[in-house]
Amino acid sequence: MRIGIVCYASVGGSGIIATELGKTLAARSHDVHILSSDMPFRLGEYQPGLTFHRVDTPSYPLFREPQYLLSLANKIVQVARSERLDIVHAHYAIPHATAGYLARQILVATRGGPVPSIITTLHGTDITLLGSDRSYTETVAFCIEQSDGVTAVSESLKRDTYRELGITKDIRVIPNFLDCSTHRRVDAEWVRQRVIGDPAGKVLVHVSNFRPVKRVAAVVDVFARVDRLVPAHLLMVGDGPDRDLAARYAAELGVADRVHFLGEQDEVRSLLSIADVFLLPSAQESFGLAALEAMACEVPVVASNVGGLPEVIEHGVNGFLHPPAEHGAMARSAAELLADRALHRRVAAAALETVQVRFCDGKIVPLYEDYYEEVLKASKRAAV
Ligand code: GMT
C-alpha cells in the first residue's frame, strides 16, 4: 500500500510510534511517506520505500502564529496526488486529524485523482488534556468522527475518548510497540562509570518531556524517599518546562548531588541499561511508551496506576503500580527492588517477557496493515 504518515517530529511518544511504524511498513514493502515540520528524530538513515516530506510554513507579518494546519493540509494534498496515496495516517489528533479531513475534502472537490482514506490514531493528551479543552473539543470531535478509521493506543484511551468527546464512531485499539530487534538491554557499564562514577551504585531513571502531566517533582520526591532507604542515584533524561522545578526540588531535599539531569537524548537504551528501576509517577498516561522501553531493557517500572499503564504492567508481577499521590508506596516498591536481588531478577524477567510476547513490531504492525485494508474496503464499498 501507499501510505502517508503525519506526525510530530519531536521526542514525544506519538512521533516515535509514527516513525517506527513508517520504518517497519517500508521494510514490509509498503511505499511510505512521512510528513512533518521537521525530520523525525528516530527516522535514522536512508531506507528504501521511506520518504520524508518537510512541511514548510511561511511566516507573514499579519500572522501572530504560523498557519501550520493550512500548510500541512496543503502538503497532504500535494503528496496524496503525486504519490497516489491509499491511506493518510494521522498520529495525534491535534491538528493532524483536522489537516487530514481538510485535505480529503480538497481532493474530493478537485477530483485530483484517488482520494486516500484518513485514519487517525489517538495517543493520549490529544484527548485527555487538549481534546477535552473547550478551545478544541468541537473540532477534535468532528474530525475524529469524520475520519475513515480511528485507533487508540489503549482501551483506557478509547473509553476516555467516548466519555470526554461523546464520539460514536468505532475506535480500534492497537497498542504501542517496539522494534524488539534493536530495543533491548545493552552493555553500558562505561556509562555508569561516566555518569555516576560509582560502579556499584544503584540507579533509578526517569525519561519524559518534563511537562506537568509527567510530575517530575514527584519523581524527585520518590527518589529522595528511596535514597533514605537505599543510597542511589537518579538519572533524569529529557527536557521540558518542569526541568528547573525538579532541579530546585532536588536541592531542597538535599539530593542534588545524586540527581543527574542528562537533557533530551535521542538514544536512551544505554541509559536504561544501567538502571535498576524506572520511575513514572505521571498524573495521566494513555499507554506509557517510556515504561515499555524500560521493560524491554529489563528495568522494572514503578509507575502510577493510571490510564493505559495497567494494560501493560501487572502490579507485583512485571512492575509495580500505585496511585499517583502514593509516593511512599512507590518508594517502598523501588527500595524493595534495589535491596532484593531475587525480586529484581524475577520482575525484570517478567517485564522483558511481557514486551516480547505482546508488544513487538512483528505482532503489532500487522494489526495496522489489517486495519488499513479493512478501512480501504469499507471506503470502496461506501463509494459505490
Ligand atoms: O505526552 C503527550 O503529550 C503526547 C504523547 C507524546 O507524543 O509523547 O504521549 C502520549 O502518547 C504516547 C505514545 O502513544 C503514550 O505512550 C503516552 O502515554 C501519551 N502521553 C500521555 O497520555 C500523557
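Residues numbered from 1 in each chain as written. Predicted model: local features only at pLDDT ≥ 70, side-chain atom pairs only at ≥ 80, totals over all residues. Heavy atoms only, no water.

### Structural notes on the overall build of the protein
Argument step 1. Each helix and strand counted, the protein has 14 helices and 13 strands in total.
Argument step 2. The C-alpha atoms of the protein give 21 Å as radius of gyration, which agrees with the globular expectation for 384 residues (21 Å, within 12%).
Argument step 3. Across its three principal axes, the protein shows a C-alpha extent of roughly 65 × 45 × 40 Å.
Argument step 4. For the protein, the proportion of contacts with a sequence separation of at least 24, taken over those separated by at least 6, is 69%. (Helix = DSSP H or I, 4+ residues; strand = E, 2+ residues; numbered from the N terminus. Rg over C-alpha atoms; globule rule 2.2 N^0.38 Å. Contact = heavy atoms within 4.5 Å.)

### Overview of the sheet that holds strand β12 (residues 301-304)
Argument step 1. With parallel pairing, the six strands of this open sheet are ordered in space as β10-β9-β8-β11-β12-β13. One side of each edge strand has no neighbouring strand; the edge strands of this open sheet are β10 (259-263) and β13 (320-322). Taking each pair of neighbouring strands and ignoring which way they run, the sheet shows an average axis angle of 20 degrees.
Argument step 2. Where strand β9 (residues 232-237) meets β10, four bridges bridge the pair, whose relative direction is parallel. Across the sheet, Leu234 pairs through a bridge with Val259, a residue of β10.
Argument step 3. On the sheet, helix α11 (residues 289-296) packs against β8 (202-207), β11 (277-280) and β12 and is oriented at approximately 175 degrees with respect to β11. (Pairing = 2+ DSSP bridges. Axes fitted to C-alpha atoms, helices over the stretch in contact; angles between N-to-C directions.)

### Digging into α11
Argument step 1. Most of α11 sits out of view: seven of its eight residues are buried.
Argument step 2. Of the positions making up α11, those classed as buried are Leu289, Ala291, Leu292, Glu293, Ala294, Met295 and Ala296.
Argument step 3. Contact partners of the buried residues in α11: α1 (13-27), α10 (269-273), β11, β12 and α13 (341-358).
Argument step 4. The positive-phi residue at the C-terminal boundary of α11 is Glu298, with phi of around 65 degrees. (Buried < 20%, exposed > 50% of the residue type's maximum accessible area, 1.4 Å probe, protein only.)

### Re the environment of Met236
Argument step 1. Mapped onto the secondary structure, Met236 falls in strand β9.
Argument step 2. Note on Met236: relative accessible area 0%, which makes it buried.
Argument step 3. For the pair formed by Met236 and Gly263, sequence separation is 27 residues and the distance between their alpha carbons is 7.4 Å.
Argument step 4. In this structure, Met236 is in contact with His206, Phe210, Val216, Val219, Val220, Ala246, Val259, His260, Phe261, Leu262 and Gly263, ignoring residues within four places of it in sequence.

### Observations concerning the domain arrangement of the protein
Argument step 1. For the protein, the domain assignment lists domain 1 (2-177 + 361-383) and domain 2 (189-358).
Argument step 2. Computed from C-alpha coordinates alone, the two centres of domain 1 and domain 2 are separated by 31 Å.
Argument step 3. Counting residues at the interface gives 20 residues for domain 1 and 14 residues for domain 2.
Argument step 4. A combined buried area of about 1400 Å² lies between domain 1 and domain 2, and 56% of that area is made up of carbon and sulfur atoms.
Argument step 5. When the buried area of domain 1 at its contact with domain 2 is split by residue, Val11, Phe41 and Asn176 rank highest and sum to 28% of it.
Argument step 6. The interface formed by domain 1 and domain 2 contains one salt bridge.
Argument step 7. Arg42 is the partner of Glu293 in a salt bridge, and the nearest nitrogen-oxygen pair spans 3.3 Å.
Argument step 8. Between the two partners, domain 1 and domain 2, sit six residue pairs in polar contact (both at pLDDT 80 or more).
Argument step 9. Elements with a contribution of two residues or more to the side of domain 1 that touches domain 2: α1, α6 (155-165) and α14 (361-383).
Argument step 10. For the side of domain 1 that touches domain 2, the residue count by class is 10 nonpolar, seven polar and three charged. (Domains from an automatic or database assignment. Buried area = accessible area lost by both parts, 1.4 Å probe. Salt bridge = Lys/Arg side-chain N within 4 Å of Asp/Glu carboxyl O. Polar contact = N/O pair within 3.5 Å; in protein donor to acceptor, adjacent residues only side chain to side chain. Nonpolar A, V, L, I, M, F, W, Y, C, P; charged D, E, K, R; others polar.)

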